[in-house]
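Per-entry structural report
Here's the letter readout for the chains.
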Amino acid sequence: MSTLNIPSKISPRDDALQIHRAFKGLGCDTDVIVNILGHRDASQRDDIQQEYETMFSDELRKRLSSELHGHLKKAVLLWMKSPVERDVSAIKRALKGAIIDLKAATEIICSRTSSQIRQIKQAYTSTYGNRLENDVDEYTSGNHKKLLLAYLSTTRYEGPEIDTVLVEDDAKTIRKAGQKHSGVDERTFIHIFSERSRAHLVALDSTYRQMFGLNLRRAIKKEASGNFKYGLLTILHCAYNPAQFYAVVLRKAMKGLGTKDTTLIRVIVTRAEFDMQLVMAEFHKKYRKTLADAVHSETSGQYRVFLLSLLGST
């Protein structure tokens, strides 16, 4: 469900040559870079990188890194990576970068499927020589840490079938966990939210509402706090509607004083070739404004043009 507007006739060799020419002279011709790379799908970008290395004995990513600057550089370099490489680098930066962003790490981990998590863990180890679980253990704390570690270590069923008896049992267990005099039993939430499938959690929310007149989201907000609460809410929201979840994340990144460009780049780049059409539809439905218009008003220059190209707007 890509948003890219891709020309009908494309030659990776010609693209590589044009990009190389754009690097020549005083300064980089970013118009050329954006116009080409912003309108090529994943396999085409791979072909361009191979052609570039063959023709010029140089790595295209390294050259882009030295020629581009600012937010455009961050966006283009992330775009040139594979989906799993993007997640791995974003998690690493969120946990151990110059600016720690535990919400970003939580969002990525808790919105991915079990099969995606498995790929992320393998790539993280091969890229950084350290297990993702070790870094999560070191840089997070409390119930938030316990939730992330449980979510990373558990393989969840990804199909549509549910066990209605187990759903009802979970609803009663969560209700009981929230009624403890000594406070909520977080272990119950961690166990259920890290082990149950998305279909199960959707059914659980409905059953919990029928049984107790309260939806799970409100129960979580009442019983949990901080990054632990954000993790639980992310898991639940993505069980229902991942596209709507990302529409909300994008809105928050562009709301108020200053744009959170790291979030804006990460979400647009990672969803562009996956479910961006759905994200844009959810954004428009929820905020009565197109995502393209919102991005246009919050960005500028070739950085703006590049992001809009990923949204299919240039």
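So, how was this worked out
What you see as residue numbers is a count from 1 along each chain, following the sequence as written. Totals for whole chains, interfaces and linings use all residues, but because this is a predicted model, local features are given only for residues with pLDDT of at least 70 and pairs of side-chain atoms are given and counted only at 80 or more. With hydrogens and water excluded, all non-hydrogen atoms of the structure serve as input to the side-chain values. The helix and strand labels rest on DSSP assignments: H or I over at least four residues marks a helix, E over at least two residues marks a strand, and numbering proceeds from the N terminus. The globule rule used here is 2.2 Å times the number of residues to the 0.38 power, and the radius of gyration it is set against is calculated over C-alpha atoms. Think of it in three bands: with a 1.4 Å probe and only protein chains considered, a residue is buried below 20% of the maximum accessible area for its type, exposed above 50%, and partly exposed in between. Contacts: residue pairs with any heavy atoms within 4.5 Å of one another. It is the directions from the helix axis to the C-beta atoms whose arc is reported. We define a salt bridge as a side-chain nitrogen of Lys or Arg found within 4 Å of a carboxyl oxygen belonging to Asp or Glu.

Another aspect to go through is the overall build of the protein chain. A tally of helices and strands in the protein chain yields 20 helices and 0 strands. A compact globule built from 314 residues should have a C-alpha radius of gyration of about 20 Å, and the protein chain, at 21 Å, falls within 12% of that. For the C-alpha atoms alone, the extent of the protein chain along its principal axes is close to 70 × 45 × 40 Å. Counting every position in the protein chain, which comprises 314 residues, the buried fraction comes to 47%. Here the contacts in the protein chain between residues at least 6 apart in sequence split such that 68% fall between residues at least 24 apart.

Of note in the backbone geometry, S57 takes a positive phi value of approximately 50 degrees without being a glycine. For S57, a relative accessible area of 68% puts it in the exposed group. Within the chain, R288 stands out as a residue other than glycine whose phi angle is a positive 55 degrees. Locating R288 in the fold gives a position in the loop between helix 18 (276–287) and helix 19 (291–298).

So, on to helix 19. Those residues of helix 19 that sit buried are L291, A292, A294 and V295. One face of helix 19 carries all of its buried residues, which in axial projection span an arc of 160 degrees. Looking at the packing, one finds that the buried side of helix 19 touches helix 16 (242–254), helix 17 (261–271), helix 18 and helix 20 (301–310).

The next thing to look at is the pattern of salt bridges. Taken as a whole and judged by the stated rule, the model has 17 salt bridges. The closest approach of N and O atoms between E67 and R63, which form a salt bridge, is 3.0 Å. Remark: R63 and E67 occur in helix 4 (residues 60–67); sequence separation between them is 4 residues, near one turn of the helix. Here E67 matches R63 in class, with each residue buried.

Time to look at the environment of L72. Position of L72 among the secondary structure elements: in helix 5 (residues 70–79). Distance from L72 to F306, taken between C-alpha atoms, is 7.5 Å for residues 234 residues apart in sequence.

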